[in-house]
Each structure stands twice: as C-alpha cells, then as structure tokens.
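# Descriptive structure summary
Residue strings, one per chain:
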Amino acid sequence: AFFIPYILALIFVGYPLLLLEVALGQHLQTGDVGVFGSINKRCRGVGLSAVLCGFIVTTYYVPLLSWVVRSFCETFGKMAGNWENVSGADAE
C-alpha cells in the first residue's frame, strides 16, 4: 500500500528536484550551498543541510558496509577450514 505512493512521489517530485539541482549546479558552476544561495541568501542553509545529511548518511553506511563485507569474506574462511576435517560418510 505504501509502495505505489512512494514510486509516484519519486517520479513526480524526487527526479525533477534532482534534475533541477544538478542543472542549477551546472549552470552556476557551484555546489549545493552556492546554488541555493543564488536563489536567496537565506536558502544557503538548505544547501548546507543537504551536504550535512550526505555526510551523516555516509558516516553511517561506510562502517555498516565494511562489517557486511568482512562477515561475507569470513564465512568463506571458516567454510574452508570445516571441509578439511570431513571424511568418509560425513562427506556425502
């Protein structure tokens, strides 16, 4: 029930705002803070908050992904050690 409104909002709101921000950044040749600051000086906080949110999300997901990759790689190391001690009827 939530998926359809999410997809509609993503298509009709998310993508146009993303394209608008990228197009303004290309046109003005500046970053988020400069783009929103060119609209109005008070809007610089919107650009700053976008940068800050990106930083917070990155600092959360990088350790999480490193733990997942490490656990994934460690499963193969443990599995290789377990197969060396298997013999006879246990091998089937």
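Computed from a prediction, not measured in an experiment: that's the story for all the values here.

Attention now goes to the overall build of the chain. For the chain, the helix and strand inventory stands at 3 helices and 0 strands. Secondary structure of the chain in N-to-C order comes out as α-α-α. Within the chain, the fraction of its 92 residues that count as buried is 4%. For the chain, the computed accessible surface area is about 8000 Å², with 70% contributed by carbon and sulfur atoms.

Before going further, it helps to spend a moment on the packing of helix α1 (residues 3-28) against helix α2 (residues 32-39). As a packed pair, α1 and α2 sit with axes 9 Å apart at the nearest point and diverge in direction by 90°. Classed by the angle they form, the pair α1 and α2 counts as roughly perpendicular. On α2, the residues touching E21, L24, G25 and L28 of α1 are D32, V35, F36, S38 and I39. For the contact of α1 with α2, the residue count by class is 5 nonpolar, 2 polar and 2 charged.

For any two aromatic rings, the description comes down to two numbers: the centre-to-centre distance and the angle of the planes. Counted under the stated rule, the structure contains 2 aromatic pairs. On the numbers, 5.1 Å between centres and 80° between planes, the contact of Y60 with Y61 is edge-to-face. The partly exposed category is assigned to Y61, whose relative accessible area is 43%.

Turning to its location among the elements, V22 is positioned in helix α1. The exposure class assigned to V22 is partly exposed, which follows from its relative accessible area of 47%. In the structure, V22 is positioned 10 residues away from D32 in sequence and 9.0 Å away in space, judged by C-alpha atoms.

It is worth spelling out a nonpolar patch on the surface at this point. On the surface, I4, L8, I11, F12, V13, Y15, L17, L18, L20 and V22 cluster together to form a nonpolar patch covering roughly 1000 Å² of accessible area. With respect to the helices and strands, the residue L8 is situated in helix α1. Overall, L8 belongs to the partly exposed group, its relative accessible area being 42%.

Quick notes on the rules
Residues numbered from 1 in each chain as written. Predicted model: local features only at pLDDT ≥ 70, side-chain atom pairs only at ≥ 80, totals over all residues. Heavy atoms only, no water. Helix = DSSP H or I, 4+ residues; strand = E, 2+ residues; numbered from the N terminus. Buried < 20%, exposed > 50% of the residue type's maximum accessible area, 1.4 Å probe, protein only. Areas by Shrake-Rupley, 256 points an atom, 1.4 Å probe, with all protein chains shown as cover. Axes fitted to C-alpha atoms, helices over the stretch in contact; angles between N-to-C directions. Parallel < 35°, antiparallel > 145°, perpendicular 65-115°, else oblique. Contact = heavy atoms within 4.5 Å. Nonpolar A, V, L, I, M, F, W, Y, C, P; charged D, E, K, R; others polar. Phe/Tyr/Trp six-rings, centres within 6.5 Å; stacked < 30°, edge-to-face > 60°. Patch = residues over 30% accessible without salt bridge, like charges linked within 9 Å, V, L, I, M, F, W, Y side chains within 5 Å. Salt bridge = Lys/Arg side-chain N within 4 Å of Asp/Glu carboxyl O.

Functional significance is not addressed by these values, which are geometric in nature.
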